[in-house]
Amino acid sequence: DNIFTTQDKPMLGYALVAKASLILPESQIGVGVEMLKITEYNYLMPYYTVKVYNHLANPLITPYLFYNRRHTLSAGYLYYGLMFGPSIANMGVNALEYTHGGTVATDYTTTYHSVVGYVGCIQSGIVFRLAGHLSFSADAAMRFTDYYYRTLNNTQTDDPYRYRYFYFPITAGLRYKI
């Protein structure tokens, strides 16, 4: 008996990234850390008046290693590569609330649990030199993460809080070359 509408709606979130890389003639290797929020929402049925936020990761923190191939341009470079590392998520588990012993959920509360998994991706970006050591960069990635939370009193045979999903961070910012 599904108490939600049939389709979750993804929401825009934030993505913050910090990287340190060693730039070689045709490649770059490095480490980084990313912090972002992944949330979707739905409505409780049958009245569609209570919006339920499903916090898949609030935040998701991923320290990672990466390797990129570089292609030199006249004022910068284009790159593409791979990334892999652990994922640490603060995952929200919703508990539905019923009024007056009724069978229709009217509200919910969210409890947060820290979970650990992994993340991997393919990524691509471009870097343009602006002046001296300062550059503009833009990056797009297709990331996959897997993590789960197992409740102590879970009587279900499956893992209701196992998350495996793709997400697509797009970032833009400034780089300073040391």
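**What to know about the overall build of the chain**
A tally of regular secondary structure across the chain gives zero helices and nine strands. Listed N to C, the secondary structure of the chain is β-β-β-β-β-β-β-β-β in terms of helices and strands. Sequence separation of 24 or more characterises 63% of the internal contacts of the chain that already satisfy a separation of 6 or more. Entry remark: accessible area of the chain is about 10,900 Å², with carbon and sulfur atoms responsible for 61%.

**Some remarks on the environment of Val-31**
Inspection of the secondary structure assignment puts Val-31 in strand β3 (residues 27–43). Its relative accessible area of 44% is what places Val-31 among the partly exposed residues. Spatially, the C-alpha atom of Val-31 lies 5.9 Å from that of Lys-19, the residues being twelve residues apart in sequence. Excluding anything up to four places from it in sequence, Val-31 contacts Ala-18, Lys-19, Ala-20, Tyr-64, Leu-65 and Phe-66.

**Here we look at the layout of surface pockets**
The computed volume of the largest pocket comes to approximately 800 Å³. Within the lining of the largest pocket, the residues separate by chemical class into 13 nonpolar, ten polar and eight charged.

**Re the pairing of strand β8 (residues 162–167)**
Side chains Tyr-163, Tyr-165 and Tyr-167 project from β8 onto a buried face, and the interleaved Arg-162, Arg-164 and Phe-166 project onto a face without burial. Bridge count between strand β7 (residues 134–148) and β8: six bridges; the pairing is antiparallel. When the bridges of β8 are listed, Tyr-148 appears paired with Arg-162.

**Describing the nonpolar core**
Among the nonpolar cores identified, the biggest contains 19 residues, and Ile-38, Ala-57, Leu-60, Tyr-147, Tyr-165 and Tyr-167 are the most heavily contacted of them. It is strand β4 (residues 51–73) that contributes the most residues to this core, five residues altogether. With residues near it in sequence (within four places) discarded, Ile-38 still touches Asn-54, His-55, Leu-56, Ala-57, Leu-60, Tyr-165 and Tyr-167.

**Thoughts on the packing of aromatic side chains**
Counted under the stated rule, the structure contains seven aromatic pairs. Consider the rings of Phe-144 and Phe-166, whose centres lie 5.2 Å apart with planes at 55°: the pair is tilted. Linking Phe-144 in strand β7 with Phe-166 in strand β8, this pair joins segments that are 22 residues apart in sequence. One aromatic cluster is present, built from ring pairs that chain together Phe-84, Tyr-118, Phe-144 and Phe-166. Just above the ring of Phe-66 sits the side chain of Lys-19; from NZ or CZ to the centre is 5.5 Å. We note Arg-70 situated over the ring of Tyr-77; from NZ or CZ to the ring centre the distance is 4.4 Å.

Scoring rules and cut-offs
- Residues numbered from 1 in each chain as written.
- Predicted model: local features only at pLDDT ≥ 70, side-chain atom pairs only at ≥ 80, totals over all residues.
- Heavy atoms only, no water.
- Helix = DSSP H or I, 4+ residues; strand = E, 2+ residues; numbered from the N terminus.
- Contact = heavy atoms within 4.5 Å.
- Areas by Shrake-Rupley, 256 points an atom, 1.4 Å probe, with all protein chains shown as cover.
- Buried < 20%, exposed > 50% of the residue type's maximum accessible area, 1.4 Å probe, protein only.
- 1 Å grid on protein atoms, 1.4 Å probe; cavity = no way out; pocket = protein on both sides within 12 Å on 5 of 7 lines; lining within 4 Å.
- Points joined across faces, edges and corners; volume = space filled by probe spheres on them.
- Nonpolar A, V, L, I, M, F, W, Y, C, P; charged D, E, K, R; others polar.
- Pairing = 2+ DSSP bridges.
- Core = buried A, V, L, I, M, F, W, Y, C linked by side-chain atoms within 4.5 Å.
- Phe/Tyr/Trp six-rings, centres within 6.5 Å; stacked < 30°, edge-to-face > 60°.
- Lys NZ or Arg CZ within 6 Å of the ring centre and 35° of its normal.

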